[in-house]
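The lines below spell out each chain.
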Amino acid sequence: MLVMFIGLDRVETAVNASQVTFVSCATDGTRIRFGEGRSVTVTEPIAEVVETLNRTLRPHE
């Protein structure tokens, strides 16, 4: 499932929630990491990113 965030360059960034391996605070926003050393930094606060990813990965209620 893809989730949309806003990247540091103010462009929408699509993230595959099932491939996220780590989420951490960064100076400019929130860093979302994937396998193989890939990452993207988005402007949303970490709490919002985690909630969005969790909501996406939960089965439909």
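The rules we used
Residues numbered from 1 in each chain as written. Predicted model: local features only at pLDDT ≥ 70, side-chain atom pairs only at ≥ 80, totals over all residues. Heavy atoms only, no water. Helix = DSSP H or I, 4+ residues; strand = E, 2+ residues; numbered from the N terminus. Rg over C-alpha atoms; globule rule 2.2 N^0.38 Å. Buried < 20%, exposed > 50% of the residue type's maximum accessible area, 1.4 Å probe, protein only. Contact = heavy atoms within 4.5 Å. Lys, Arg positive; Asp, Glu negative; His and termini not counted. Charge placed at Lys NZ, Arg CZ, Asp CG, Glu CD. Salt bridge = Lys/Arg side-chain N within 4 Å of Asp/Glu carboxyl O.

## Observations concerning the overall build of the chain
Moving on, step 1. Counting its secondary structure elements, the chain contains 1 helix and 5 strands.
Moving on, step 2. Taken from the N to the C terminus, the helices and strands of the chain come in the order β-β-β-β-β-α.
Moving on, step 3. A compact globule built from 61 residues would reach a C-alpha radius of gyration of about 10 Å, and the chain, at 11 Å, matches this within 12%.
Moving on, step 4. The principal-axis extents of the C-alpha atoms in the chain amount to approximately 35 × 25 × 20 Å.
Moving on, step 5. Taken across its 61 residues, the chain has 31% of its residues classed as buried.
Moving on, step 6. Expressed as a percentage of contacts within the chain between residues at least 6 apart in sequence, the contacts between residues at least 24 apart total 30%.
Moving on, step 7. One way to put it: in the chain the 6 positive side-chain charges average out to a point 4 Å from where the 8 negative ones average out.

## So, the pattern of salt bridges
Moving on, step 1. Enumeration over the complete set of coordinates arrives at 2 salt bridges.
Moving on, step 2. The salt bridge partner of Arg58 is Glu51, with a shortest N-O separation of 3.7 Å.
Moving on, step 3. Residue classification places Glu51 among the partly exposed positions, given a relative accessible area of 35%.
Moving on, step 4. Ionic contacts of the salt-bridge type, sharing partners, join the residues Glu51, Arg55 and Arg58 into one network.

On their own, these measurements won't tell you what the molecule is for.
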